[in-house]
Amino acid sequence: MSKVRITQVKSAIDRPERQKLTIKALGLGKLNRSVEKENSDAIAGMIRKVSHLVKVEAI
């Protein structure tokens, strides 16, 4: 599988609780923090739900 680098670029403050939990489940939580994940269906769905808060790059 391909990998993606996910970087949080916007704050989760004043966002619904589900979005906050999704950010935490991705391993993020602070601005400009990045994680590398395998691009599975589950991760792609999580990214889609918080796409307005993160930047995604293919590796």
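These numbers come from a predicted model, not from an experiment.

Okay, the sheet that holds strand β3 (residues 54–58) next. In a beta sheet, neighbouring strands are held together by backbone hydrogen bonds and run either parallel or antiparallel to one another. In spatial order, the strands read β2-β1-β3; together these 3 strands make up an open sheet with antiparallel pairing. Since the sheet does not close on itself, it has two edges, and those belong to β2 (34–38) and β3, each with one partner. Between one strand axis and the next, the sheet turns through 25 degrees on average, direction left out of account. Summarising the sheet, strand β1 (residues 3–8) and β2 pair through 5 bridges and their orientation is antiparallel. Among the inter-strand pairings, Thr 7 is bridged to a residue of β2, identified as Ser 34.

Moving on, we get to the confidence of the model for the protein. Low-pLDDT portions of the prediction should not be read for the details of their coordinates. When pLDDT is averaged across the protein, the result is 96; 100% of the residues are at 70 or more. Confidence scores differ between elements of the protein, with helix α2 (residues 41–49) showing the lowest mean pLDDT of 96 and β1 the highest of 98.

On to the pattern of salt bridges. Two side chains with opposite charge may pair up if their charged atoms get near one another. According to the stated counting rule, one finds 3 salt bridges in the structure shown. Note that Arg 5 is salt-bridged to Glu 57, the shortest N-O span being 3.8 Å. Of the two residues, Arg 5 sits in strand β1 while Glu 57 sits in strand β3, which places them 52 residues apart along the sequence. We classify Arg 5 as partly exposed; its relative accessible area is 29%. In this structure Glu 57 comes out as partly exposed when scored by relative accessible area, which is 31%. Across the pair Lys 55 and Glu 57 runs a salt bridge whose closest N-O atoms are separated by 3.8 Å. A cluster of three or more residues bridged by salt bridges with shared partners is formed by Arg 5, Glu 36, Lys 55 and Glu 57.

Attention now moves to unusual backbone geometry. Its identity is not glycine, yet Asp 14 carries a phi of approximately 65 degrees, on the positive side. Topologically, Asp 14 is positioned in the loop between β1 and α1 (17–25). For Asp 14, a relative accessible area of 73% puts it in the exposed group. Residue Asn 32 is not a glycine yet carries a positive backbone phi of 65 degrees. With respect to the helices and strands, Asn 32 occurs in the loop between α1 and β2.

The rules behind each value
Residues numbered from 1 in each chain as written. Predicted model: local features only at pLDDT ≥ 70, side-chain atom pairs only at ≥ 80, totals over all residues. Heavy atoms only, no water. Pairing = 2+ DSSP bridges. Helix = DSSP H or I, 4+ residues; strand = E, 2+ residues; numbered from the N terminus. Axes fitted to C-alpha atoms, helices over the stretch in contact; angles between N-to-C directions. pLDDT = per-residue confidence, 0-100. Salt bridge = Lys/Arg side-chain N within 4 Å of Asp/Glu carboxyl O. Buried < 20%, exposed > 50% of the residue type's maximum accessible area, 1.4 Å probe, protein only.

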